[in-house]
Amino acid sequence: MYENILNNINIDIHYYNHRICTPDWVIIPRITPFINFTYVVSGQAEFIVNDVRYTVKGGDLICVQKGSRESASVNPHDLMDCYSVNLFATDVSGNDVALPFRTVTHIGIHEELIALFQNLTAVWLLHEPCYRLKARAIFMLILAKCYQLVFHSDFKLNGSSSQKRIEMVLQYILSHYNEPISIKEMAKMTKLSPLYFGNWFKQKTGKTFREYLNMIRVNQAENLLNSGMYTVSEAAAHCGFSDVFYFSKVFKKYRGIAPSEILKKKLY
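Structure report, in brief. (Residues numbered from 1 in each chain as written. Predicted model: local features only at pLDDT ≥ 70, side-chain atom pairs only at ≥ 80, totals over all residues. Heavy atoms only, no water.)

### What about the pattern of salt bridges?
Here is step 1: Within the structure shown, the criterion is met by 8 salt bridges.
Here is step 2: Among the salt bridges present, the one from Glu46 reaches Arg53, with a minimum N-O distance of 2.6 Å.
Here is step 3: Since its relative accessible area comes to 27%, Glu46 is described here as partly exposed.
Here is step 4: Between Asp96 and Lys66 there is a salt bridge, and its shortest N-O distance comes to 2.9 Å. Taken together, the residues span a long stretch of sequence, with Asp96 in the loop between strand E8 (81-90) and strand E9 (104-106) and Lys66 in the loop between strand E6 (60-64) and strand E7 (69-74) at a distance of 30 residues. (Salt bridge = Lys/Arg side-chain N within 4 Å of Asp/Glu carboxyl O. Buried < 20%, exposed > 50% of the residue type's maximum accessible area, 1.4 Å probe, protein only. Helix = DSSP H or I, 4+ residues; strand = E, 2+ residues; numbered from the N terminus.)

Quick look at the structure:
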């Protein structure tokens, strides 16, 4: 449900700031006219939202929904460093949408997330052509990462060698899904044993290596079939399936219909 909301959301960034607080920083009591989305990197502050008091610290994600009563003050002995986005969120019909996060959620410190905010800072400050479009694109990535951290416990972000390995593997799959790819080959690339690689990959993605690869292949095959320019056999071959019967079996498993049904629909 929440994922469907985010997949169809429109974001307009009203204001953005990498805020390094001064001792007298406050949010004067207000009815917030936008969504306040803040990621705390370090320090402490106190937020009061709808009469509930929250002490926030490094690693906390703050999401104050539009229309909430909000005020805040910083701990002068432990000044807060945070990234704060004030935004409007609507659905495809233009109606206001609440982001699917609690007021305060501890997600921890993640270098990849900080890097995205740093990119957002650079884009916002440079004001190059289409900077607001670029800013929205980066924020959507931030939103997706936060969603994965909050709602998918098997998806962990960090700057470790393990994270770099999984990024390398996923990028390789996207670039070579139409070629024969084996666990043995991926294990060698990541300098892991095939058995350990299989368990590690599932822990990182929530899917087995074969499930993930087949999902990518089926998605692309469906795109080719929908184009009306490929037969079932051609789509299978272009997406790494050497056996069209196996392709049909896998396709039906993921889509609930045979690939030939896609072509039949194109005829009407």
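### Notes on the sheet that holds strand E5 (residues 52-57)
Here is step 1: Read across the open sheet, the 4 strands follow the order E2-E7-E4-E5; overall the sheet is antiparallel. Edge positions in the open sheet fall to strand E2 (26-31) and E5, since each of these has one partner strand only. Shown here is a sheet whose adjacent strand axes are inclined to one another by a mean of 15°, direction ignored. (Pairing = 2+ DSSP bridges. Axes fitted to C-alpha atoms, helices over the stretch in contact; angles between N-to-C directions.)

### A word on unusual backbone geometry
Here is step 1: Of note, Asp51 is a non-glycine position whose phi angle comes to about 75°, a positive value.
Here is step 2: By secondary structure assignment, the location of Asp51 is in the loop between strand E4 (44-49) and E5.
Here is step 3: Overall, Asp51 belongs to the exposed group, its relative accessible area being 63%.
Here is step 4: With phi around 60°, Lys191 is a residue other than glycine that occupies positive phi space.
Here is step 5: Residue position: Lys191 is located in the loop between helix H5 (183-190) and helix H6 (194-205).

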